[in-house]
2 protein chains.
Amino acid sequence: MIIDCHGHYTTSPRELSDYRDRLLGGAHGAKPRISDDQIRESIEPHQLRLQRERGIDLTLFSPTASRMGHELANRSVIQAWTEECNNLVHRARALFPGRFAPVCQLPQSTGGSLDLCVAELRRTVERMGFVGCNLNPDPSGGFWRSKPLGDRHWYPLYEAMVELDVPAMIHAGRACHPALDTTTSHYLGADTTALVQLLHSDVFRNFPAIRFILPHGGGAVPYHWGRLRSITLASGMGHLEDRILGNVWFDTCLYDQAAIDLLLSTIPRENILFGSEALGAVEGNDPRTGHAFDDTRRLVEANATLGSAGKAAVFEHNARRVFPRLKTRPTGSNPGFPGPTPPP
Amino acid sequence: MIIDCHGHYTTSPRELSDYRDRLLGGAHGAKPRISDDQIRESIEPHQLRLQRERGIDLTLFSPTASRMGHELANRSVIQAWTEECNNLVHRARALFPGRFAPVCQLPQSTGGSLDLCVAELRRTVERMGFVGCNLNPDPSGGFWRSKPLGDRHWYPLYEAMVELDVPAMIHAGRACHPALDTTTSHYLGADTTALVQLLHSDVFRNFPAIRFILPHGGGAVPYHWGRLRSITLASGMGHLEDRILGNVWFDTCLYDQAAIDLLLSTIPRENILFGSEALGAVEGNDPRTGHAFDDTRRLVEANATLGSAGKAAVFEHNARRVFPRLKTRPTGSNPGFPGPTPPP
C-alpha cells in the first residue's frame, strides 16, 4: 500500500475563497454552498487522477497550507474559516471512500492562546475522524512574532496531540513578509527554523510520545545533517540523532533523484514518510526527464539502496506508526479511520 | 593549488572584541593595540596549522561573520568597527605571505544608504589589495528590515563591485531575532532567501558581470533544485539554470559525503568553489569517520565522479575566475594581489 503523507485540497471550489472574501468583509453568517458534485469535480481530474496514474492508494489530505489564513484580521474570522476548510476536507474524504485521510488546519493566530486550536483538534479528531494536524510554526507569515516551538506557549496543543495520539506536520502558511517567497524561501526556511527550535528545547523530553513531520524533505536539515551533527555535539547537546529522531519524521517532497537519494542515505528510513505534495506548488513536467516533477514515487522507487523492506517502511509502515488513527479497515471500506460523520 | 574561498578570522585577539565593547560604550577614539606577534599566535596554531595539515594553499579570509556588527547602535560605530576588522585581516595577510587573500566586511546597517559600504569597498580593494567582500542580505539579523537584494537600494554597491571586478559572498551575520539560531537556521535561511530574492529580480540582467557566492553549500538551494526548477519554469521565468548560473557560485561548506556528492551532482562544477569555513561554526571530529567535520577537502577528494579536471576547477580555477584580483605572482611572493600596503 502506498500512503502519501502530504496532500492539500488546493483545488477546492471557488465558493470557498469567495467565502473567505466575505469573511474578511465582515459577513460571518453566509457559509459557502458547495455541492457534492462540485467537490467531486474539483478532485476527480486532479488529485484522484494522479493517485490512479501513480498508484497512490491513500493521501493524507489537508486544507491548502498557503491559505490557512493565520494572518487574517481576528480570531473569530480565523476560526470560522478554519472550520469551513476542515469541513470541506471531511466531505471530500467521504465522497471518495478509502482515498483520503483527513488532516486538519488549526485556527492559529499570532501570539493568540491555543484554546481554539485545541478545540478544533478535538472536534476534527474525536468527532470527524481526522488523523493529524498541520501546525504553523509562524502564524505571522515570516515575521516570526509567535513564541518559538520550544516555548510552553505551545504546550496545551502538544498535550492534546499526545492525548489524542495524532502527529503534526509542521507547515508554514502564506508569507506576508516582503523578504520571503511563500513556497520556496519561506516554507524551506520555516522547516529548518522549526527543527532548530525543537532541537534547542525540552519538548521531546517533556512529551516523549509527540510526533512531528518536517515537510519538503525537511527544509535544509538533511542536506546540512553534518553541520547540525557537529554543532549539536559541540554545544553539549549530544548526538543529533538521539535528540530528534524519536520524535521527528521527514517527508519525500523533493523533486529530483539526487535529493531523494540524499534523504534516503542520510536519514534512517524509519524516519521517512512518502510524500509528494501533489497537487501543490511543484507543477509541470521536468524537461530533463519528461516526468512530472511531483511524481516522487518514481524517484523513491528508483533509489538504488532502499530495497523492498525499506520501500514498505517509507511507503506505508512508517505512516501507520506516525498516524496510528490510520487503522486498517475491512476490505472495501475506508482504510484508516472511523466512518465519516457529519461535521457537528 | 587548493584555494579555500570561505575562511573567517574567528580567532582574532581579545583586544578586538574589547575594542568593540569600548565602541558600544561610546569611546570611539581608543583603537585596539594588537602586536604582530599576537596576530601570529592567533593564526599559526589554528588556521595556518589546518592549512598545512590539509594541504590548503590559500584561504580567502574575512572578519568573523557573526561579529560583523551590522545590528550595532549607529553608523559611525559600525564604520569604525568595520575598518578595524578589515585592517586586522590586512595585517594577518601580510604576516603570512601567500597564505591569505583578504575579503572585506562592509559597514552595513539596517536600511542605511550604501555610501559607507562603497567607500569601504574602495578603500580595501583599491588601496589594500582586498579581492572581494561579504554582503549581509539582512543587516537586521533575522528581522529582514532592509530591502530585498533585488531592490535598487543595493545598486550603488553592485555598481562598485562590477567596476572593481570583485564578487560578494552573501553571508548573514549574527541572528538578533529570537526565532533564529545564528549558525544554523539563520545562516541557511538567509542563503536560501537571498538566492530567491535575486532569482525574482533584474539584478543579473542589469549587472551581467556581477558575481555572488552562496556560502554553506547554498543553504537549501541545491537540495531543492528540483523544486526551484519547477517553480521557476511554472512562473514563466524560464530555466533556473539560465536565470542564475551566470552570476552565482556555491561553496562546498557541507559536512558529510552525501551532501558534498549532492552538490557536485546537482550544480555544474563550473559554479562550485571549494570552501571549508575552517575555523568556524563547525568544530570537532565526526565520531562516524574520526575526521574533522570541517575537513571538506577530504570529502571533495572522495567524490566518485569529479575527476581531475573537475577537481582543478573546484579547488582552484573557478576561484580565480570569480576572484580575478587573485592574480598569480612570481614564486615566493604573495599569490593574488598587489603587495600589502599599510591601511590608510
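Here, the structure is the one placed above.
The model shown is predicted, which means the values in this text are computed figures rather than measured ones. (Residues numbered from 1 in each chain as written. Chains lettered and ligands numbered in written order. Predicted model: local features only at pLDDT ≥ 70, side-chain atom pairs only at ≥ 80, totals over all residues. Heavy atoms only, no water.)

(A) Broad picture of helix H2 (residues 36-54) of chain A. All names here are of chain A. For H2, with 19 residues, the first-to-last C-alpha span of 25 Å sits near the 27 Å given by 1.5 Å per residue. The sharpest bend along H2 measures roughly 55° and falls at Glu-44, with the proline Pro-45 sitting one to four residues further on. For H2, the complete set of buried residues consists of Ile-39, Ser-42, Ile-43, Gln-47, Leu-48, Leu-50, Gln-51 and Arg-54. The inward-facing, buried residues of H2 abut strand E1 (3-9), strand E2 (58-63), helix H3 (75-95), strand E3 (100-104) and helix H11 (296-302). Positive backbone phi, at 70°, marks Gly-55, one or two positions downstream of H2. (Helix = DSSP H or I, 4+ residues; strand = E, 2+ residues; numbered from the N terminus. Expected span 1.5 Å × (residues − 1). Bend = angle between axes of the 7 residues up to and from the residue. Buried < 20%, exposed > 50% of the residue type's maximum accessible area, 1.4 Å probe, protein only. Contact = heavy atoms within 4.5 Å.)

(B) How the structure looks around the relation of the copies chain A and chain B. The two copies are related by a screw operation: chain A maps onto chain B through 180° of rotation and 0.0 Å of translation along the axis, at an RMSD of 0.0 Å. Here the copies are linked by what is in effect a two-fold axis. (Least-squares fit on C-alpha atoms with pLDDT ≥ 70 in both.)

(C) View of the layout of surface pockets. Residues and elements named next belong to chain A. Of the volumes computed, that of the largest pocket is approximately 260 Å³. Contributing to the lining of the largest pocket are 19 residues, with Thr-10, Ser-66, Thr-183, Gly-280 and Ala-281 lying nearest its centre. Ranked by the residues each element gives to the lining of the largest pocket, the list is headed by helix H6 (residues 182-199), at 3 residues. Considering only residue class, the lining of the largest pocket consists of 5 nonpolar, 10 polar and 4 charged. (1 Å grid on protein atoms, 1.4 Å probe; cavity = no way out; pocket = protein on both sides within 12 Å on 5 of 7 lines; lining within 4 Å. Points joined across faces, edges and corners; volume = space filled by probe spheres on them. Nonpolar A, V, L, I, M, F, W, Y, C, P; charged D, E, K, R; others polar.)

(D) Fine view of the sheet that holds strand E6 (residues 212-214) of chain B. Residues and elements named next belong to chain B. Pairing within the open sheet is parallel, and its 8 strands lie in the order E1-E2-E3-E4-E5-E6-E7-E8. Taken across any chain shown, the strands that pair with only one partner, and hence form the sheet edges, are strand E1 (3-9) and strand E8 (272-273). Alignment of E1 against strand E2 (residues 58-63), held across 5 bridges, turns out to be parallel. Considered in E2, the bridge of Tyr-9 is made with Pro-63. Here helix H2 (residues 36-54) sits on the sheet and contacts E1, E2 and strand E3 (100-104); the angle it forms with E1, its principal contact strand, is near 145°. (Pairing = 2+ DSSP bridges. Axes fitted to C-alpha atoms, helices over the stretch in contact; angles between N-to-C directions.)

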